[in-house]
Amino acid sequence: MDCYIIRGLPGSGKSTLASNITSNPDHLLATDDYFTKNGIYTFNPCHLLDCLAWNLNRVVKLMKSNVSPIVIDDAHSQRWEVKPYIQQAIKYNYTLHFLEPDTPWWKARDVDELVKRNKHNVSIGTIRRMLERWDDVFDVDLILNSPLPKLLLIIRGLPGSGKQDLMECIMENEDYKKAIVSKTLSEDVRQSIHMGYTPIFLCNIHSRKSDVKEIVQLGIEFGYRIIISEPNTPSWVERDTKALAINSNLSEQIISDYLKTWEDDFTIDNILK
């Protein structure tokens, strides 16, 4: 039984490579699928953690059924990102294959061409950051022994949205149990970033980009991987003021006032503008 890990930055040709390995769409597991509804792709970086967990569950389900081949399509820029897939592949006796596109622009790491060719309008700033953290050497032993990167996780959402439950769920992961947790960029958090401590979680409303700009700048300066996440609860996704008010024991008016200040498009590039 074979499991293929396809890796490459947006626009590199990895999805074409993946589709050449299997013609069965049920065997091709791309994280892009999570953000595609009725054929329309809408990426929300705040749901990235949900996306990764969702894709891993799909992989495990196929492996339990001895499906072969399984093709996992994502950027997979760093070794630690594929560690859960590798652990499951070993558990279910799969032979692992790591593949990258052989397109000329990817071999040359041509950023301008990657920006031009990627179909999801990934910005040049994002692609450059992905290249900066790219791990060239990819083998099973290195992946299994790969530590977590310096990780700064910013969780945002209104009262009653489920952000606290999301953080507690994430901290069930053994690697995250010793995380530093705070609501704000306190002096302790600032010192921890200077010392390279990982992981660091900030969990608060964070309604405006300006609320997190300073910590994002600091995290980038000290080489942190920054992930911004939101709850995926129905009450929050639908912006249900009544349900949020009930969940938080606040009035609907207070929730409505919070929503008036809420900013979407919470990408690193937009925060730094």
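Residues numbered from 1 in each chain as written. Predicted model: local features only at pLDDT ≥ 70, side-chain atom pairs only at ≥ 80, totals over all residues. Heavy atoms only, no water.

Asks: Would you take a moment to explain the nonpolar core for this structure?
Replies: Side chains of nonpolar character tend, in soluble globular proteins, to be buried together. Residues Cys3, Ile5, Met63, Ile70, Ile72, Val82 and Tyr94 are the most contacted members of the largest nonpolar core, which totals 19 residues. Of all the secondary structure elements, the ones that give two or more residues to this core are strand 1 (2–6), helix 2 (48–64), strand 5 (70–73) and helix 3 (79–91). (Core = buried A, V, L, I, M, F, W, Y, C linked by side-chain atoms within 4.5 Å. Buried < 20%, exposed > 50% of the residue type's maximum accessible area, 1.4 Å probe, protein only. Helix = DSSP H or I, 4+ residues; strand = E, 2+ residues; numbered from the N terminus.)

Asks: So what exactly am I meant to see when it comes to the packing of helix 9 (residues 187–195) against helix 10 (residues 213–221) here?
Replies: Any two packed helices are characterised by the angle at which their axes cross and by the distance between the axes. Here helix 9 crosses helix 10 at 20°, and the two axes come no closer than 10 Å. Relative to helix 10, the element helix 9 lies roughly parallel. Once helix 9 is placed against helix 10, the crossing between them reads as right-handed. Each of Val189, Arg190, Ile193 and His194 in helix 9 lies in contact with helix 10, whose residues at this interface are Glu214, Ile215 and Leu218. In terms of residue class, the contact of helix 9 with helix 10 is made up of 4 nonpolar, 1 polar and 2 charged. (Axes fitted to C-alpha atoms, helices over the stretch in contact; angles between N-to-C directions. Parallel < 35°, antiparallel > 145°, perpendicular 65-115°, else oblique. Left-handed = near helix turned anticlockwise from the far one by under 90°. Contact = heavy atoms within 4.5 Å. Nonpolar A, V, L, I, M, F, W, Y, C, P; charged D, E, K, R; others polar.)

Asks: Would you mind showing me how to read the sheet that holds strand 2 (residues 28–30) here?
Replies: Note: strands within a sheet are paired through backbone hydrogen bonds, in either parallel or antiparallel orientation. Strand order in this open sheet of 4 strands is 2-5-1-6, and the pairing throughout is parallel. Of all strands in the sheet, those bounded by a partner on one side alone are strand 2 and strand 6 (95–99). For this sheet the average axis-to-axis angle between neighbouring strands, irrespective of direction, equals 20°. Where strand 2 lies against strand 5, 3 bridges are found, and the strand directions are parallel. Opposite leucine 28, over in strand 5, you have valine 71 as the bridge partner. (Pairing = 2+ DSSP bridges.)

Asks: Would you explain helix 9 in this entry?
Replies: In an α-helix, one turn spans 3.6 residues, which is why side chains three or four residues apart end up on the same side. Those residues of helix 9 lying buried are Val189, Ser192 and Ile193. The arc that holds every buried residue of helix 9, seen down its axis, measures 100°, which confines them to one face. Projecting away from the buried face of helix 9 at angles above 90 degrees are the exposed residues Asp188 and Met195. Considering only its buried residues, helix 9 is in contact with strand 8 (180–182), strand 9 (200–204) and helix 10. Just beyond helix 9, the residue with positive phi is glycine 196, at close to 80°. (Arc of directions from axis to C-beta.)

Asks: Please clarify how the environment of proline 84 should be interpreted in this entry.
Replies: Looking at where proline 84 falls in the secondary structure, it is placed in helix 3. Under the relative-accessibility criterion, proline 84 is labelled partly exposed at 31%.

Asks: Quick question: what am I supposed to make of the pairing of strand 10 (residues 225–229) here?
Replies: Counting buried positions along strand 10 yields 5 of 5 residues, so the element is predominantly enclosed. The alternating pattern of strand 10 places Arg225, Ile227 and Ser229 and Ile226 and Ile228 on opposite faces, both of which are buried. As paired strands, strand 7 (residues 151–156) and strand 10 are joined by 5 bridges and run parallel to one another. Each residue of the ladder has a partner; that of leucine 151, found in strand 10, is arginine 225.

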